[in-house]
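# Inside the fold
The primary structure of each chain is shown beneath.
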Amino acid sequence: MFFNQFKTVLLLGILSSLFLGIGYVAGGSNGMTIALIMAFAMNFVTYFWSDKLVLMMYGAKPLDTQKHKFVHDIMHDLCSRGGMPMPKLWYIDSDMANAFATGRNPDHASVAVTRGILNLLDERELRGVLAHELSHVKNRDILIGTVAAVIASAIGYVAFMIRWSVLLGGSRDREGRDNTMAALVMAIFVPLIATLIQLAISRSREYLADETGARCCNDPLALASALEKLHHGVKFEPQTEPESAAQASMASLFIVYPFSGRGILNLLSTHPPMEKRIARLRNMVNK
């Protein structure tokens, strides 16, 4: 647990350093400040209203307290164990077996489950999944993800400014020396590195939620079994790619990546390899 927390802090530090570096190349603090304000404004909206957006996008409805009483009972017990307020529970009428948590803090949290996951998992496995999602809320992963997104977005804006500067007449440093090539190289590669770091932070938080959730429900093997079933289910899910950019941006919220078309590189995934997640959970039993 300490390693994943330390890794997150380290990656955020590197991301901040990249922003300062590319901002310096862009020509000073003014452009850097404008980019940061723009990125902050966009992600401020995302931070406060992304829960409503994603719930609306998937047609989520409040989870029936009578029909799905066992889900409410599981969550009540987990919240009591973790000393957390009860989140709002939502139901998504979809065959896709998945779940996600959203909300800016424990007092404004929501956890959604699909019809597919309720049909696929037994109560023990579902308890492991809900503990994982509650851990995302407890660990403030929405906030951490937003901070990473703000910095990465700001880097992207500064890089865009540098590319336009190069096209409109080159780039010079404060001493008047031509640094067009260096600026162009940074404008191309630094945003890519920032994106990879942002994704690495997301993967690190998934590992942490797995560990925290397994300790919360006191049953690492339940979550491991659930992940195995969910991973197998996604492989045969007919939707292989997100239907829109908005849907793709929300994919990181789910406990497993909801699309079977994963792409070529694991580096570009918001989720760690499933085999590693399951192995880590099983190793917790032997410690």
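Above this text sits the structure in question.
Keep in mind it's a predicted model, so treat the numbers as computed, not measured.

With that out of the way, let us pick up the overall build of the protein. When its secondary structure is counted, the protein shows ten helices and four strands. Mapped in sequence order, the helices and strands of the protein form the string α-α-β-α-β-β-β-α-α-α-α-α-α-α. Looking at the protein residue by residue over its 287 residues, the buried ones come to 50%. For the protein, the proportion of contacts with a sequence separation of at least 24, taken over those separated by at least 6, is 70%. With the model as given, the accessible surface of the protein reaches about 14,500 Å², and the carbon-plus-sulfur share is 62%.

Both faces of strand β3 (residues 99-102) are covered, namely the face carrying A99 and A101 and the face carrying F100 and T102. With four bridges joining them, β3 and strand β4 (residues 110-114) adopt antiparallel strand pairing. Note on β4: the bridge partner recorded for A101 is V111.

Here the focus is helix α10 (residues 274-285). An α-helix turns once per 3.6 residues; consequently, residues spaced three or four apart project the same way. For α10, spanning twelve residues, the distance from its first C-alpha to its last is 18 Å, which sits close to the expected 16 Å at 1.5 Å a residue. Turning to α10, its buried residues number three or more, namely M274, R277, I278, L281 and M284. Each buried residue of α10 sits inside an arc of 115 degrees when the element is viewed along its axis, so together they form one side. Exposed and facing more than 90 degrees away from the buried side of α10 are E275 and K276.

Membership of the largest hydrophobic core comes to 38 residues, with the highest contact counts inside it found for L78, I117, V129, L130 and L227. In terms of residue count, the dominant contributor to this core is helix α5 (residues 123-138) (six residues). In contact with L130, other than residues within four places in its own chain, are V71, I74, M75, L78, V111 and V113. Judged by nonpolar contacts, the second largest core, of 21 residues, contains F19, I22, I151 and A183.

All told, the structure shown has twelve salt bridges when counted by the stated rule. D93 is the salt-bridge partner of R115, the closest N and O atoms lying 2.5 Å from each other. Within this pair, whereas R115 is found in helix α4 (residues 115-120), its partner D93 is found in the loop between β2 (88-92) and β3, the two being separated by 22 residues in sequence. By sharing partners, the salt bridges in this structure join D77, R81 and R127 into a single network.

Time to look at the packing of aromatic side chains. Going through the model one piece at a time under the given rule, you end up with two aromatic pairs. Note on Y58 and F254: the rings are 5.4 Å apart at their centroids and 80 degrees apart in plane angle, and the pair reads as edge-to-face. In this pair, Y58 sits in the loop between α2 (29-57) and β1 (61-62) while F254 sits in the loop between α9 (245-250) and α10, placing the two residues 196 residues apart along the sequence. The pair formed by Y58 and F254 is uniform in burial state, with each residue classed as buried. The interplanar angle of 70 degrees and the centroid separation of 5.0 Å between the aromatic rings of F100 and F254 together place this pair among those described as edge-to-face. Of this pair, F100 sits in strand β3 while F254 is found in the loop between α9 and α10, placing the two residues 154 residues apart along the sequence.

Conventions used here
Residues numbered from 1 in each chain as written. Predicted model: local features only at pLDDT ≥ 70, side-chain atom pairs only at ≥ 80, totals over all residues. Heavy atoms only, no water. Helix = DSSP H or I, 4+ residues; strand = E, 2+ residues; numbered from the N terminus. Buried < 20%, exposed > 50% of the residue type's maximum accessible area, 1.4 Å probe, protein only. Contact = heavy atoms within 4.5 Å. Areas by Shrake-Rupley, 256 points an atom, 1.4 Å probe, with all protein chains shown as cover. Pairing = 2+ DSSP bridges. Expected span 1.5 Å × (residues − 1). Arc of directions from axis to C-beta. Core = buried A, V, L, I, M, F, W, Y, C linked by side-chain atoms within 4.5 Å. Salt bridge = Lys/Arg side-chain N within 4 Å of Asp/Glu carboxyl O. Phe/Tyr/Trp six-rings, centres within 6.5 Å; stacked < 30°, edge-to-face > 60°.

It is worth stressing that arrangement in space is one thing and function is another; only the former is reported here.
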